[in-house]
Amino acid sequence: VTQNVFGGVTGFTGGHKLAHHHQVVARGHEGAFHRGIFAALRDFAAAFILTNADHLFPADMYTRHFAPAADALQIACERERPVLPDEMKVIEKDGGLLAISKTLPKYDGAYIGTTVIGQTHRATYWSAFDRVHAAQDLASASVEMVLHELAQEPVTAPRVCWLSGLKWFEVDTPEDLA
């Protein structure tokens, strides 16, 4: 099932299973939730991965670089290159997410737009999602707001997975494809 949302960006590809992880890859759009995507994911019983639709990763992203565990609540981050001003910055403490924002004055690296929500963390994730949704219209809420909400308590903070050597691309304009 593919829903075409956000002016042509594919919003959700249901049924595409990762060969060894049995999780659904759902493509979310940075800065906006789509009601249909999240309604479908809430009903889906297995673990799932959210990734920004404008981030392109190599085929081995989820096997070699970021192999998600079924019980994980983790985010993919990098710290080997300079972080650009408009990127989502992160602070890590003891392996967990302490803060996430584009405006952090000091940070450890950048979130690259991929979150694994393992089956054992689904209720925790959806509880944080509901708190964000109660305070924000879905059109202005973001995945990063949910991550910020989760980071408020060390017990619910997503684990930070620092990736090394991963080549990926962000496509915001047609020129980015050139």
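Since the model is a prediction, treat every value here as computed from it, not as a measurement.

Calculation criteria
- In every chain, residue numbers begin from 1 and rise along the written sequence.
- Note on the predicted model: pLDDT of at least 70 is required for a residue's local features to be given, and 80 or more for side-chain atom pairs to be given and counted; whole-chain, interface and lining totals, by contrast, use all residues.
- Side-chain descriptors were evaluated using all non-hydrogen atoms of the structure, hydrogens and water having been removed beforehand.
- Segments assigned H or I by DSSP are reported as helices when at least four residues long, segments assigned E as strands when at least two residues long, and all are numbered from the N terminus.
- It only takes one pair of heavy atoms within 4.5 Å for two residues to be counted as in contact.
- Residue-level accessible areas treat just the shown protein chains as cover; the underlying method is Shrake-Rupley with a 1.4 Å probe.
- Remark: exposure states derive from per-residue accessible area (1.4 Å probe, protein chains only) relative to the maximum for the residue type, with buried under 20%, exposed over 50%, and partly exposed in between.
- Note that the arc is computed from the directions linking the helix axis to the C-beta atoms.
- A 1.4 Å probe that fits but cannot get out identifies a cavity on a 1 Å grid over protein atoms alone, an open set with protein on both sides within 12 Å along at least five of seven lines counts as a pocket, and a residue lines either if it has an atom within 4 Å of a point.
- Grid points are joined across faces, edges and corners, and a volume is the space filled by probe spheres set on the points.
- Nonpolar residues are Ala, Val, Leu, Ile, Met, Phe, Trp, Tyr, Cys and Pro. Charged residues are Asp, Glu, Lys and Arg, and all others, Gly as well, are polar.
- Like charges within 9 Å and nonpolar side chains (Val, Leu, Ile, Met, Phe, Trp, Tyr) within 5 Å are joined into patches, using only residues over 30% in relative accessible area that form no salt bridge.
- By definition here, a salt bridge exists when the distance from a side-chain nitrogen of Lys or Arg to a carboxyl oxygen of Asp or Glu is within 4 Å.
- In this scheme Phe, Tyr and Trp rings, the latter by its six-membered ring, pair at centre separations within 6.5 Å, and the angle between planes marks the pair as stacked below 30 degrees, edge-to-face above 60, and tilted otherwise.
- Side-chain atoms within 4.5 Å are what join buried Ala, Val, Leu, Ile, Met, Phe, Trp, Tyr and Cys residues into a set we call a nonpolar core.
- Between any two strands, at least two bridges found by DSSP are needed for them to pair.

Trainee: Talk me through the overall build of the chain; I want residue IDs and the actual numbers.
Mentor: Each helix and strand counted, the chain has four helices and eleven strands in total. A separation of at least 24 residues holds for 65% of the contacts in the chain among residues at least 6 apart in sequence. About 9,100 Å² of surface is accessible on the chain, with carbon and sulfur atoms providing 55% of the total.

Trainee: Explain helix α4 (residues 143-150) to me, and be specific about the residues and the numbers.
Mentor: Listed as buried for α4 are Val143, Glu144, Val146, Leu147 and Leu150. Projected down its long axis, α4 shows its buried positions confined to an angular sector of 155 degrees, all on one face.

Trainee: Quick one: what's the story with the layout of surface pockets, residue by residue and with numbers?
Mentor: In this model, the largest pocket occupies a volume close to 340 Å³. For the lining of the largest pocket, the per-class residue count stands at five nonpolar, two polar and nine charged.

Trainee: Which residues make up a nonpolar patch on the surface, and what values go with them?
Mentor: Residues Leu56, Phe169 and Leu177 make up a contiguous nonpolar surface patch of roughly 330 Å² in combined accessible area. With respect to the element layout, Phe169 can be found in strand β11 (residues 169-170).

Trainee: Go over the pattern of salt bridges with me, naming the residues and quoting the values.
Mentor: Evaluated as defined, the whole model comprises four salt bridges. With its nearest N and O atoms 3.9 Å apart, the salt bridge here joins Arg79 to Glu92. On the criterion of sequence distance, the pair formed by Arg79 in the loop between β6 (73-78) and β7 (89-93) and Glu92 in strand β7 is long-range, its members being 13 residues apart. Residue class for Glu92 comes out partly exposed when judged on its relative accessible area of 24%. Each of Glu78, Arg81 and Glu87 takes part in salt bridges that share partners, so that together they form one network.

Trainee: Residues and numbers for the packing of aromatic side chains, please.
Mentor: Counted according to the given criterion, the structure contains three aromatic pairs. Ring geometry for Trp126 against Phe129: centres 5.1 Å apart, planes inclined by 75 degrees, an arrangement best described as edge-to-face. On the criterion of helical spacing, the pair formed by Trp126 and Phe129 is a turn pair, its members being three residues apart in helix α3 (residues 122-135). Feature note: the residues Tyr125, Trp126 and Phe129 constitute an aromatic cluster, connected by ring pairs.

Trainee: Requested: an account of the nonpolar core, with residues and values cited.
Mentor: Counting 24 residues, the largest nonpolar core has Ile75, Val90, Leu97, Tyr111, Tyr125 and Leu147 as the members making the most contacts within it. Top element by residues in this core is α3. It accounts for five residues. In this structure, Phe57, Met61, Phe66 and Leu166 belong to the second largest nonpolar core, which totals twelve residues.

Trainee: Mind laying out the pairing of strand β10 (residues 159-162), listing which residues take part and the relevant values?
Mentor: Burial along β10 is one-sided: Val160 and Trp162 are buried, and none of Arg159 and Cys161, which face the opposite way, are. As paired elements, β6 and β10 share four bridges and run parallel to each other. Bridge pairing links Ala76 to Cys161 in β10.

Trainee: Account for unusual backbone geometry, naming residues and giving values.
Mentor: Positive phi, normally seen in glycine, also occurs at Asp94, with a value near 55 degrees. Mapped onto the elements, Asp94 comes out in the loop between β7 and β8 (96-101). Residue Asp94 is classed as exposed on the basis of its relative accessible area, which comes to 68%.

Trainee: Before we move on, could you go through the environment of Ala72 and cite the residues and values that matter?
Mentor: Structurally, Ala72 can be placed in the loop between α2 (61-65) and β6. Separated by 46 residues in sequence, Ala72 and Gly118 place their C-alpha atoms 4.6 Å apart. For Ala72, the residues in contact, after removing those within four places along its chain, are Val116, Ile117, Gly118 and His121.

Fair warning: the whole summary comes from geometry, so function is off the table for now.
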